[in-house]
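For reference, the chains in residue letters:
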Amino acid sequence: MMNPCKRFFHRIVWFFQLCGMTLSMCWRGYISHKGWSALVHGIGLIVGYLGDYVVLYSMIMNFPGIAGFTALDVCFLYSMGLVCYALGNIHTREFWKIDDLVLRGGLDLYLVRPVSPLVQMFVRDIQVGYLSHLILGLGCMFLVKGMSGIPWDITHWLLFFFSILAGSVVMSGISLIATPLSFWWGKSRSVTGFVRGGLRGTLKYPITIYPKLIQILVYIIPYAFVAYYPCLYLLGRDTSPKAVLYPFISMLVGIAVNFAFWVFWRMGLRRYNSAGG
């Protein structure tokens, strides 16, 4: 009989294999279905976000700084938020329409299969279109890093990649945490939409420039831990020893939010009675 650790390891390997196969299928479907329009769409997104960068940089250049952040710092912050948003939502799109699945009984299709409905929904509709966000965000971060002249050692680089991972986990939790409300409320898209994107604009700037109410909200809905805190050490805005811990704190916050979503999801599934129930 397989021991629990080995069984857990095999399940993790199986899950990543499933994600890989689904990603390949989604990519081939995306390319074959949209053809050249997929390339045009990606270029359009990049051009649109580049416009945001130009406006953002030009605006901040007219000020001596924002809460101690230069224009390049803010562009780096924006890029980090963009990358984490893309990675954190690459697998969440199916959950955004959970209210329709609950009200119309579409969730039954996931429940009758011999695989967890949560796993099925994670890999059901992987958004390969976010590739343009990743290309632009990472490219701009490397460009800003080179232009700013901030010296990075191996610790900075390791924390840079870990910060992206941590911010993505937090962003995933933010996008998912309110979706199980549909099990109780039915139509809850307005609430989940606000939680998922209502405060997304705060990722562009240091949270200290916002009114107290907004600062409280970005801790409750933890946007502050997506980009702001992980970037403090990377940008040299906090050189204290505790600043090195910010990416790890962000990861703990992300794990906590995703765990809360899982508990909330399990409670909702127990309440679900199908469309005719």
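Refer to the structure above for everything that follows.
Residues numbered from 1 in each chain as written. Predicted model: local features only at pLDDT ≥ 70, side-chain atom pairs only at ≥ 80, totals over all residues. Heavy atoms only, no water.

Draft legend 1. Spatial organisation of the overall build of the protein. A count of helical and extended segments in the protein gives 13 helices and 0 strands. Starting at the N terminus and walking to the C terminus, you meet the elements of the protein as α-α-α-α-α-α-α-α-α-α-α-α-α. Counting across all 277 residues of the protein, residues that qualify as buried make up 46%. Intrachain contacts of the protein at a sequence separation of at least 6 include 75% that bridge at least 24 residues. (Helix = DSSP H or I, 4+ residues; strand = E, 2+ residues; numbered from the N terminus. Buried < 20%, exposed > 50% of the residue type's maximum accessible area, 1.4 Å probe, protein only. Contact = heavy atoms within 4.5 Å.)

Draft legend 2. Molecular detail of the nonpolar core. Of all hydrophobic cores here, the largest spans 51 residues; its most connected members are Phe76, Met80, Phe160, Ile174, Tyr223 and Tyr229. Breaking this core down by element, the ones donating at least two residues are helix H3 (71–89), helix H7 (131–148), helix H8 (154–177), helix H12 (228–234) and helix H13 (246–271). The element contributing the most residues to this core is H3, with 10 residues. When near neighbours in sequence (up to four residues on either side) are disregarded, Tyr229 contacts Ile207, Tyr219, Ala224, Tyr246 and Ser250. (Core = buried A, V, L, I, M, F, W, Y, C linked by side-chain atoms within 4.5 Å.)

Draft legend 3. How the structure looks around the environment of Gly254. Within the element layout of this structure, Gly254 appears in helix H13. Among the residues examined, Gly254 registers a relative accessible area of 0% and is labelled buried. Setting aside residues no more than four positions away along its own chain, Gly254 makes contact with Val169 and Val170.

Draft legend 4. Just the environment of Leu82, in detail. Position of Leu82 relative to the elements: it lies in helix H3. A C-alpha to C-alpha distance of 8.3 Å links Leu82 and Leu203, two positions 121 residues apart in sequence.

Draft legend 5. Examining the packing of aromatic side chains more closely. Overall, the coordinates contain 22 aromatic pairs when judged by the stated rule. Note on Trp157 and Phe160: the rings are 5.9 Å apart at their centroids and 90° apart in plane angle, and the pair reads as edge-to-face. Of this pair, Trp157 and Phe160 are both found in helix H8, 3 residues apart, which corresponds to roughly one turn of the helix. Note on Trp157: relative accessible area 28%, which makes it partly exposed. (Phe/Tyr/Trp six-rings, centres within 6.5 Å; stacked < 30°, edge-to-face > 60°.)

Draft legend 6. Geometry of the packing of H8 against H13. Between H8 and H13, whose axes approach to 8 Å, the crossing angle comes to 25°. Comparing their axes, H13 and H8 come out roughly parallel. Read as a crossing pair, H8 and H13 show a hand that is left-handed. From H8, Leu159, Phe162, Ser163, Leu165, Ala166, Val169, Val170, Ser172, Gly173, Ile174, Leu176 and Ile177 reach across to H13, where they touch Pro247, Phe248, Ser250, Met251, Gly254, Ile255, Val257, Asn258, Ala260, Phe261 and Phe264. Among the residues forming the contact of H8 with H13, the class breakdown is 17 nonpolar, 6 polar and no charged. (Axes fitted to C-alpha atoms, helices over the stretch in contact; angles between N-to-C directions. Parallel < 35°, antiparallel > 145°, perpendicular 65-115°, else oblique. Left-handed = near helix turned anticlockwise from the far one by under 90°. Nonpolar A, V, L, I, M, F, W, Y, C, P; charged D, E, K, R; others polar.)

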